Amino acid sequence: QQVISVQQLNKHFANNHALKNVELSVTQGEMVALLGPSGSGKSTLLRHLNGLVCSDKSAKGYVEVLGIPVQKNGKYCASVRQSRSQTGYIFQQFNLVTRLSVLHNVLIGALSRTPSWRSLSARFSLSQKRQALAALKRVGLEQFALQRVSTLSGGQQQRVAIARALMQQAKIILADEPIASLDPESSRIVMEILRDINQQEGIAVVVTLHQVDYAKRYCPRVVALKQGEVFYDGPSEQLGDNS
Ligand code: ADP
Ligand code: ADP
């Protein structure tokens, strides 16, 4: 079953052709690295999947996530909110609310699941707090639940962001350079957590990386971009070490 379908995607920024006829399909349970040097279009492609960027107006691009149309012919589809609510997004800089507790940051995931203004003012239920604690346990941070996020290391903060996606009950996780700001030890832990979630929960993971070694170690499939074009899509073991 397909969880991502991208067809004929083109994106220009002024005269810069950032994505050139990109095609991508991902099936349920896959863990895919989007690999490429800085400026090759990885982030731009990932952002299209969550409706953070819209493709060229004059072109025929189509994006579907979890069977829900996200955008078509340079316009967002009304259903983009529905696909977003089921998509966990991990950012290089974590995007946490650093003055709030770890637990509250995870609980924010429950809000994205049911996006309504009413839920913002509602108190979180005991069962939601239990779920949030379970998500924190999943990433090995339950003992930090009541601390402020700002007291955590970068690697720990990224694990909180993953717990937030679990709280959201995301069916797919899109991670944009999740380890680019982290030291090697934290990078390893974060990639292992993403791999475990993928293998145990069957959640599809698409992760942008610029280092071939991490892609090869953790992702069975690599889609490599060069100047906005897909130039390799296949098993990571067949990829050369210097490509
Ligand atoms: P990567 O994630 O592989 O580093 P990006 O997707 O960030 O690549 O960028 C691809 C190209 O698009 C780059 O040339 C970048 O400068 C350009 N680009 C990305 N976002 C914007 C933007 N908001 N405005 C203008 N140009 C952009
Ligand atoms: P990334 O780390 O995702 O590659 P960058 O650090 O290159 O992103 O860019 C950070 C922000 O600046 C993003 O919002 C991106 O869309 C925007 N951006 C990137 N390149 C350009 C550009 N040439 N002109 C304007 N905005 C850009």
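Every chain's residues receive numbers from 1 upward, in the order its sequence appears when written. Written order decides the labels, with chains lettered from A and ligands numbered from 1. Only residues with pLDDT of at least 70 are given local features in this predicted model, and only at 80 or more are side-chain atom pairs given and counted; all residues enter the totals for whole chains, interfaces and linings. Remark: hydrogens and water are excluded; side-chain values derive from all non-hydrogen atoms of the structure.

- An unreviewed UniProt entry lists the protein chain under the name Phosphonates import ATP-binding protein PhnC, with Agarivorans gilvus as the source organism.

1. A few points about the confidence of the model for the protein chain
Predicted coordinates in regions of low pLDDT should not be interpreted in detail.
So, point 1. Note: pLDDT gives the predictor's confidence per residue, expressed from 0 to 100. Predicted confidence across the protein chain gives a mean pLDDT of 94, with 95% of residues reaching 70 or more.
So, point 2. Interface predicted TM-score (ipTM) for the complex: 0.79; the corresponding pTM is 0.92.

2. A look at the site of ligand 1
So, point 1. Nearness is defined per residue: one heavy atom within 4 Å of the molecule or strand is enough. Near ligand 1 you find F13, N16, A18, P37, S38, G39, S40, G41, K42, S43 and T44, and these make up its full shell.
So, point 2. Here a polar contact is recorded for every N or O atom pair within 3.5 Å, except that within protein the pair must consist of a potential hydrogen donor and a potential acceptor, and residues adjacent in sequence are included only if both atoms are side-chain atoms. Between ligand 1 and the protein, one listed contact pairs an oxygen atom with a side-chain N or O atom of N16 at 2.9 Å.
So, point 3. Using the Shrake-Rupley algorithm and a 1.4 Å probe, accessible areas are obtained, with residue cover drawn only from the displayed protein chains. Contact with the protein chains hides 61% of the accessible area of ligand 1, taken as 550 Å² for the molecule alone.
So, point 4. At a threshold of 2 Å from the grid points, most atoms of ligand 1 map onto the second largest pocket.
So, point 5. A helix here means a DSSP run of H or I that spans at least four residues, while a strand means a run of E at least two residues long, and both kinds are numbered starting from the N terminus. Secondary structure elements with two or more residues in the shell around ligand 1: strand 2 (16-27) and helix 1 (42-49).
So, point 6. Among the elements that take part in the shell around ligand 1, helix 1 stands out by supplying three residues, more than any other.
So, point 7. Only Asp, Glu, Lys and Arg are considered charged in this grouping, and only Ala, Val, Leu, Ile, Met, Phe, Trp, Tyr, Cys and Pro are considered nonpolar; every other residue, Gly among them, is considered polar. Of the residues belonging to the shell around ligand 1, the class tally is three nonpolar, seven polar and one charged. With a 1 Å grid spanning the protein atoms alone, the term cavity applies to any set of points in which a 1.4 Å probe fits but cannot get out, the term pocket to an open set with protein on both sides within 12 Å along at least five of seven lines, and the term lining residue to any residue with an atom within 4 Å of a point. Grid points define the cavity or pocket, and a molecule sits in it when more than half of its atoms lie within 2 Å of them.

3. Digging into the pattern of salt bridges
So, point 1. What counts as a salt bridge is simple: a side-chain nitrogen of Lys or Arg found within 4 Å of a carboxyl oxygen of Asp or Glu. Counting across every chain of the model gives six salt bridges.
So, point 2. Put simply, E30 and R221 hold a salt bridge, and the shortest N to O gap is 2.9 Å. A residue pair is termed long-range when its members are at least 10 positions apart, and E30 in the loop between strand 2 and strand 3 (31-35) and R221 in strand 10 (residues 221-226) qualify at 191 residues.
So, point 3. Of the charged contacts, one joins E192 and R188 as a salt bridge, the two residues approaching to 3.1 Å between their closest N and O atoms. In this pair, E192 and R188 are both assigned in helix 7 (residues 184-201), four residues apart and thus about one turn of the helix distant.
So, point 4. A network of salt bridges, in which partner residues are shared, links E30, R221 and D233.

4. Considering the layout of surface pockets
So, point 1. Grid points are joined across faces, edges and corners, and a volume is the space filled by probe spheres set on the points. The computed volume of the largest pocket comes to approximately 450 Å³.
So, point 2. Taken together, 17 residues make up the lining of the largest pocket; nearest its centre are N50, R84, T87, S112 and Q168.
So, point 3. For the lining of the largest pocket, the secondary-structure elements that each account for two or more residues are helix 2 (80-85), strand 7 (87-90), helix 3 (102-113) and helix 6 (154-167).
So, point 4. Residue classes in the lining of the largest pocket are distributed as seven nonpolar, seven polar and three charged.
So, point 5. Each pocket or cavity is described by its volume, and for the second largest pocket that value is around 230 Å³.
So, point 6. Lining of the second largest pocket is provided by 15 residues; of these, S38, G39, S40, G41 and K42 occupy positions nearest its centre.
So, point 7. Take the lining of the second largest pocket: its biggest share by element is four residues, from strand 2.
So, point 8. Among the residues forming the lining of the second largest pocket, the class breakdown is two nonpolar, 10 polar and three charged.

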